[in-house]
Amino acid sequence: MNKRELGQIIRDRKRRFTSKELEELSTQIMEKLELNPKVQDAQIIMMYYSLPDEVYTHEMVDKLYHGGKTILLPKVVADGIMEIRRYEGQKSLRQGAFGIMEPIGPLYTDFSSIDLAVVPGMSFDKEGNRLGRGKGYYDRFLIQLTTTYKLGVCFDFQKTDQVPCEVTDVKMDEVL
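Residues numbered from 1 in each chain as written. Predicted model: local features only at pLDDT ≥ 70, side-chain atom pairs only at ≥ 80, totals over all residues. Heavy atoms only, no water.

**As for the packing of aromatic side chains**
Any aromatic ring pair is given by two values, namely how distant the centres are and how the planes are angled relative to each other.
Piece 1. Inspection of the entire model under this criterion finds four aromatic pairs.
Piece 2. A centroid spacing of 5.2 Å and a plane angle of 80 degrees characterise the contact between Tyr65 and Tyr87, whose relative ring orientation is edge-to-face. Here Tyr65, found in helix α4 (residues 58–66), pairs with Tyr87, found in the loop between β3 (81–86) and β4 (93–95); they are 22 residues apart in sequence, far enough to count as distant.
Piece 3. We classify Tyr65 as partly exposed; its relative accessible area is 25%.
Piece 4. Taken together, Phe17, Phe155 and Phe157 form an aromatic cluster joined through their ring pairs.
Piece 5. Here Lys38 stacks its cationic end above the ring of Tyr149, 4.5 Å away from the centre of that ring. (Phe/Tyr/Trp six-rings, centres within 6.5 Å; stacked < 30°, edge-to-face > 60°. Helix = DSSP H or I, 4+ residues; strand = E, 2+ residues; numbered from the N terminus. Buried < 20%, exposed > 50% of the residue type's maximum accessible area, 1.4 Å probe, protein only. Lys NZ or Arg CZ within 6 Å of the ring centre and 35° of its normal.)

So, in structure tokens, the structure goes:
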């Protein structure tokens, strides 16, 4: 099975759920995330502000931010190019590319200081391989985070035995 075929299978599985059901399924995943020692120990965390079909992160982003952690969110700046900016509360978000709420806070470039990256994906396997949405934004960005612990998050129905991968794909250290 190739990446496109696997992506289609996962999209079909996602369509079986309403956005409300996905949000409810997200609660357990976010509880596990919050209790994860890597999250508790991290000071600087790269998160993502979820789309309706992704594990819902909006409340956790706020909770970690208000708990004193530095939260960084991705922003698409050009075709295939992503940067990260500091999250400074709801007021620091604007609708960006693909309808994603993106940060307008200060640009963040001290990649070696990022303790943890929480990463969405279409699918993950038990080896930590990740299937994204096909544009390569995360893989091109994550390759720069050489010392950062990478934590993938997904719904159970997104897990698969084997994600087809290439040398440019960045493996996760852990998947919730």
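**Describing the side chain of Lys14**
Piece 1. Along the polypeptide, Lys14 turns up in helix α1 (residues 3–14).
Piece 2. Looking at Lys14, its side chain comes within polar contact range of the main-chain oxygen of Asp53, at 3.2 Å.
Piece 3. With residues up to four places along the chain from it excluded, the contact list for Lys14 reads Asp53, Met122, Arg133, Phe157 and Gln158. (Polar contact = N/O pair within 3.5 Å; in protein donor to acceptor, adjacent residues only side chain to side chain. Contact = heavy atoms within 4.5 Å.)

**As for the sheet that holds strand β1 (residues 44–46)**
Piece 1. A sheet is described by the order of its strands in space; here seven strands give the open sequence β6-β3-β2-β1-β7-β10-β11, paired in mixed fashion. Both edges of this open sheet fall to β6 (107–108) and β11 (174–175), since each of them pairs with a single strand only.
Piece 2. Examined bridge by bridge, β3 and β6 share two bridges and lie antiparallel to one another. Looking at β6, one finds that Ile84 is bridged to Tyr108. (Pairing = 2+ DSSP bridges.)

**Quick word on the pattern of salt bridges**
Piece 1. For the coordinates displayed, the defined rule picks out 10 salt bridges.
Piece 2. Note that Lys14 is salt-bridged to Asp53, the shortest N-O span being 3.3 Å. Taken together, the residues Lys14 in helix α1 and Asp53 in the loop between β1 and α4 connect sequence positions 39 residues apart.
Piece 3. Look at Lys14 and you get buried, because its relative accessible area is 6%.
Piece 4. In this structure Asp53 comes out as partly exposed when scored by relative accessible area, which is 22%.
Piece 5. Across the pair Glu34 and Lys63 runs a salt bridge, and its minimum N-O distance is 3.1 Å. One end of the pair, Glu34, is in helix α2 (residues 19–35); the other, Lys63, is in helix α4, and 29 residues separate them in sequence.
Piece 6. Residue Glu34 is classed as partly exposed on the basis of its relative accessible area, which comes to 27%.
Piece 7. Among the ionic contacts, a cluster of salt bridges with common partners joins Lys14, Asp53, Glu54 and Arg133. (Salt bridge = Lys/Arg side-chain N within 4 Å of Asp/Glu carboxyl O.)

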